[in-house]
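Chain by chain, the residues run as shown.
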Amino acid sequence: MSFQHSLRLLVATEFSPNASGGGPAVVRQMLRGWPAQDLFWWSCLPESDRRFGQQVAGHFCGGLPAKLRPQLRFTALKSALLTMAWAPWAAAHFGRTIRRVQPDAIWVVPHNWSILPLATILPDARTGFHVTMQDYVDVHGQTKRFGLVRCQRMAAMADRIYEMATARDATSHPMIADLRARTHAEAAQMLHAGLEDEDFHFLENKTASETDEIRIAYAGTILVPREFALFVEAVGRLRPSFPRPLSLHLYGSHRYAGERWFDASWMQEHGNLAEPELLAALRNCTWGFAPMALTDDDPRYNRFSFPTKFITYLAAGLPVITLGHTESSVMQMARQYRVGVATNEPDAKALAELLRMPLADPFPWTHHAEEIKCCAREEFCASRMRAVLYRCFERCSEATRSVAGS
């Protein structure tokens, strides 16, 4: 989709244009074809490499100090320093960026530390802005790293940004409902990774063929190590009895060869591939694996976030093995559309028996093709999501012009 006239867009978030991970991948996909000369980017973190090929007319970095990012040590002190010293400086930098770029619209992804400068500047920016809520800030143990009270304040700030936006969307249906209940603001759509026209063409023409090896793919960072280790143990129990070799293939920026569960005899790490290369590699696999936590210890992530890998597997034509808590957003999707195996089995031996027949199936695509295509069409059509998003940008541009003319 293209505009009839030029629209200067500023993306504002924590991550850089070519950052790895599912969130940045979604933003890049939705900006596919956007003229680079009309695209600007403000982020807290610098660009580390450009392997994903996202071009921008200008990238302005808010300079989040790497040594002050709270990870393991001195987290309370580092978080306090970021809040008191870095955040005001970053807010001023973001304000200067808006004045310099003079965007028609701002696309805001309030992620982690970016929330502080965004919440300071956006209310008085006099520029229409669209918010995409991808993840809540109080997930993945960040309350311990950032501090509970600080996380609560940042979460409230993110809600306020969402509420004040000219237009908005979020990453899952449960998250949209949760935000509506708390902010009374309506979302334009569920926005996530999607399948392009060429992906749908691939699915329509994909045929079932028996392979010599069962290749299970995992894309991205392992966020639930206990569940991942459980799955590895279950599959490891099956391998000796299978007539065909079974292998696990890991794609992502992190390395796991040093983990206790890693076994180089049937596991292989492929590194962090750009989206087209990743999709091509996945299409040589048999299954995709999408785990979430089996417990509800991190309910804000379990119930409201949605792993991009699930959609990437659909685009690759892979049936999906989904493991997680029954209330998680991805489990609800997997059970609604029956795109593979969906289970919350916590015992490795029982999980192995549950997986035995599906993994032994020589033609899994035959049994899951229609549901995979249905789920992709109904929930993850990239061209449809992009069209809605671009109409929201137009609304933001109209709001900007209205303020300028008043």
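Because the structure is a prediction, the values reported are computed rather than measured.

Participant: Sorry, what's going on with helix α2 (residues 75-101) here?
Facilitator: Given 3.6 residues per turn, any residue in an α-helix points the same way as the ones three and four places further on. The axis of α2 is deflected most strongly, by about 45 degrees, at W86, and proline P88 appears within four residues downstream. Remark: Q102 follows α2 within two positions and exhibits a positive phi of approximately 50 degrees.

Participant: What is the right way to read the pairing of strand β12 (residues 340-343) from this model?
Facilitator: Within a regular strand, the side chains alternate between the two sheet faces. Note that strand β11 (residues 320-323) and β12 share four bridges and pair parallel. Of the residues in β12, the one forming a bridge with V320 is G340. Handedness of the β11-helix α12 (residues 329-337)-β12 crossover: right-handed.

Participant: Any chance you could explain the side chain of T75 here in plain terms?
Facilitator: By the secondary structure assignment, T75 is in helix α2. For T75, a relative accessible area of 16% puts it in the buried group. In this view, T75 contacts P70, K144 and R145; residues no more than four positions away in its chain are not counted.

Participant: Before we go on, may I ask you to explain the nonpolar core in this structure?
Facilitator: Within soluble globular proteins, side chains that are nonpolar tend to cluster in buried spots. Counting 114 residues, the largest nonpolar core has F310, L359 and F380 as its most contacted members. No other element matches the eight residues that α2 contributes to this core. When neighbours within four sequence positions are excluded, L359 is seen to be in contact with I214, I216, L238, F242, R244, L246, W287 and I321. Core analysis: the next-biggest nonpolar cluster, separate from the first, contains 21 residues, L39, V109, A382 and M385 among them.

Here is what the cut-offs are and how they apply
- Residues numbered from 1 in each chain as written.
- Predicted model: local features only at pLDDT ≥ 70, side-chain atom pairs only at ≥ 80, totals over all residues.
- Heavy atoms only, no water.
- Bend = angle between axes of the 7 residues up to and from the residue.
- Helix = DSSP H or I, 4+ residues; strand = E, 2+ residues; numbered from the N terminus.
- Pairing = 2+ DSSP bridges.
- Right-handed = clockwise from strand over helix to strand, strands pointing away.
- Buried < 20%, exposed > 50% of the residue type's maximum accessible area, 1.4 Å probe, protein only.
- Contact = heavy atoms within 4.5 Å.
- Core = buried A, V, L, I, M, F, W, Y, C linked by side-chain atoms within 4.5 Å.

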